[in-house]
Amino acid sequence: MEIVYTDNNATTKVADEVIKEMLPYFGELYGNPSSMHTFGDQVGKKVKEARQRVADFINADPDEIVFTSCGTESDNAAINAAIKAFPEKKHIITSNVEHPAINNLYKHLQKTMGYEVTFVPVDKKGLLDLDLLYKSMSDNTAIVSLMWANNETGVLFPIEEIAKKANEKGILFHTDAVQAMGKIPIDVKKTGVDMLSFSGHKIHAPKGIGVLYVKKGFKFSPFLIGGHQEKGRRGGTENTVSIIGLGKACELARKNLPIMNTRVRELRDYLQTQLLEKIPGSSVNGDLEQRLPNTLYIGFDAVEGESILLMLDREGICASSGSACTSGSLDPSHVLMAMKVPFKSAHGSIRFSLSHYNTKEEMDIIITTLVPVIQKLRDMSPFWKDGKMV
Ligand SMILES: *Cc1c(COP(=O)(O)O)cnc(C)c1O
């Protein structure tokens, strides 16, 4: 069976060009980039090229790029550096819809180190309460950390505007740009962020490689203490193969960025329009404008997300649900709860996240599969009667 892969916010296919770029460094070119000999140094040169490619993609200097093991490590390293730089400041600001890599870290700091954390709320459309955000910034704030794009809804926060406000008040600003990367243009110089995280496996590089951009001039303390790698900012022998792959992936993502905003956006909009039209009692979660071009998070009244996913899975369609079924919890996702989406439609929410590998034919497969699936589930649902939710 052919797979229809529309779960790109969870992870992406490693691009063929990326695999090709990495292969020699799995095999004969196994040297250590820090070695004095030519054999190691040829790997060092390739790592340097990759660092340049990554830097070019976000308009950073190569010296501002720190390679990590994943997006989660980048987030942890950024927050760790902030609290080390300002040990006397005991307040941090974030939103209530962040990825667990930020959310759970802040809860941990709250519990174990007595930090006061402001979780700025979002409205029904997933947009941030900017007034409250700006009011909560104070001299005691060590860092403001906000995601650029939400992984579930795709909703975008106005990062440039927020970074400017934080800068004016002399507060450090970090953004988790894992989902924004490769989908919208990112220019760290123009935006004025102090630190920015992203992850390889969300942009067609392998899993287990991440980046933390650290603006020049910031006194950064390493999270992993060890050797002098990454100019003393991250100990541990470099993951040379994945770094080289990520460099290539950034080069490709730069080329593919216009496609995201045209062809991929058109596919997403087509899927959205067709589903809303053909399935009554359906609605999109999150703001329709301030949103990534590849993400559709759509709720169907009176059905269970997990049941929909299982039935799609039988047809080879990969998508994702909003409910936290993996954690054994019956609550819908914390993002939908933060947006106060009504319980009965939050439970039936499905996220389709596209990439430039998707096609119109695949969208049609999803549409023709999903319409009868929802009908069938509603026929069995006690919450659905006479064509509407009860
Ligand atoms: C996937 C993701 C992460 C974590 O990245 P990993 O490389 O899987 O650790 C962090 N933040 C957001 C918004 C994500 O979507």
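Residues numbered from 1 in each chain as written. Predicted model: local features only at pLDDT ≥ 70, side-chain atom pairs only at ≥ 80, totals over all residues. Heavy atoms only, no water.

(A) Seen up close, helix 4 (residues 100-113). Taking 1.5 Å of rise per residue, 14 residues should cover 20 Å, and helix 4 covers 18 Å from first to last C-alpha, within 8% of that figure. Considered for burial, the residues of helix 4 that qualify are Ala101, Ile102, Asn103, Leu105, Tyr106 and Leu109. Structurally, helix 4 contributes buried residues whose contacts are with helix 3 (71-85), strand 3 (91-95), strand 4 (116-120), strand 5 (141-147), strand 6 (172-176) and helix 11 (334-338). (Helix = DSSP H or I, 4+ residues; strand = E, 2+ residues; numbered from the N terminus. Expected span 1.5 Å × (residues − 1). Buried < 20%, exposed > 50% of the residue type's maximum accessible area, 1.4 Å probe, protein only. Contact = heavy atoms within 4.5 Å.)

(B) The site of the ligand, seen in detail. As a matter of local geometry, the ligand sits amid Cys70, Gly71, Thr72, His99, Met147, Asn151, Asp176, Val178, Gln179, Ser199, His201 and Lys202. Lys202 is positioned with one of its side-chain polar atoms (N or O) 2.9 Å from an oxygen atom of the ligand. If the ligand stood free it would expose 380 Å²; the protein chains cover 90% of that surface. The residue makeup of the shell around the ligand, split by class, is three nonpolar, seven polar and two charged. (Near = heavy atom within 4 Å. Polar contact = N/O pair within 3.5 Å; in protein donor to acceptor, adjacent residues only side chain to side chain. Areas by Shrake-Rupley, 256 points an atom, 1.4 Å probe, with all protein chains shown as cover. Nonpolar A, V, L, I, M, F, W, Y, C, P; charged D, E, K, R; others polar.)

(C) Broad picture of the state of the cysteines. In this structure the tally under the stated criterion is zero disulfides. Cys250 supplies the cysteine sulfur nearest to Cys70, a cysteine that is in no disulfide, at a spacing of 16 Å. By relative accessible area, which is 25% here, Cys70 ends up partly exposed. (Disulfide = S-S within 2.5 Å.)

(D) Representation of the nonpolar core. Counting residues in each nonpolar core, the largest one holds 66 residues, and the members touching the most others are Leu133, Leu196 and Leu246. Top contributing element to this core by residue count: helix 9 (residues 240-278), with eight residues. In this structure, this core is formed jointly by two domains, domain 1 (4-10 + 257-380) and domain 2 (16-253), each of which donates at least three residues. Not counting residues up to four positions away in its chain, the partners in contact with Leu246 are Val54, Phe67, Phe198, Gly200, Ile203, Ala205, Ile209 and Val211. Residues Val4, Leu275, Leu354 and Leu377 belong to the second largest nonpolar core, which totals 28 residues. (Core = buried A, V, L, I, M, F, W, Y, C linked by side-chain atoms within 4.5 Å. Domains from an automatic or database assignment.)

(E) Representation of the pattern of salt bridges in the model. By the definition in use, this model includes 18 salt bridges. Linking Arg53 and Glu49 is a salt bridge whose minimum nitrogen-to-oxygen distance equals 3.5 Å. Remark: Glu49 and Arg53 occur in helix 2 (residues 38-58); sequence separation between them is four residues, near one turn of the helix. Judged by relative accessible area, which is 16%, Arg53 ranks as buried. Its relative accessible area of 34% is what places Glu49 among the partly exposed residues. (Salt bridge = Lys/Arg side-chain N within 4 Å of Asp/Glu carboxyl O.)

(F) Spatial organisation of the pairing of strand 4. As judged from the five bridges shared by strand 3 and strand 4, these two strands associate in the parallel manner. What sits directly across from Ile92, in strand 4, is Val117. (Pairing = 2+ DSSP bridges.)

(G) Layout of the side chain of Ser282. Within the element layout of this structure, Ser282 appears in strand 9 (residues 282-284). Of note is the side chain of Ser282, whose polar atom sits 2.6 Å from the backbone oxygen of Ile279. In contact with Ser282, other than residues within four places in its own chain, are Leu275, Leu276, Ile298, Gly299 and Phe300.

(H) View of the sheet that holds strand 10 (residues 295-300). Read from one edge of the open sheet, four strands run 9-10-13-12, paired in antiparallel fashion. The open sheet terminates on both sides in strands that have one partner only, identified here as strand 9 and strand 12 (320-321). In the sheet, strand 12 pairs with strand 13 (residues 349-353) via two bridges, with the strands oriented antiparallel. Counterpart to Ser320 in the pairing with strand 13 is Arg351. Set on the sheet, helix 9 makes contact with strand 9, strand 10 and strand 13; between it and strand 10 the angle comes to about 10°. (Axes fitted to C-alpha atoms, helices over the stretch in contact; angles between N-to-C directions.)

It is worth stressing that arrangement in space is one thing and function is another; only the former is reported here.
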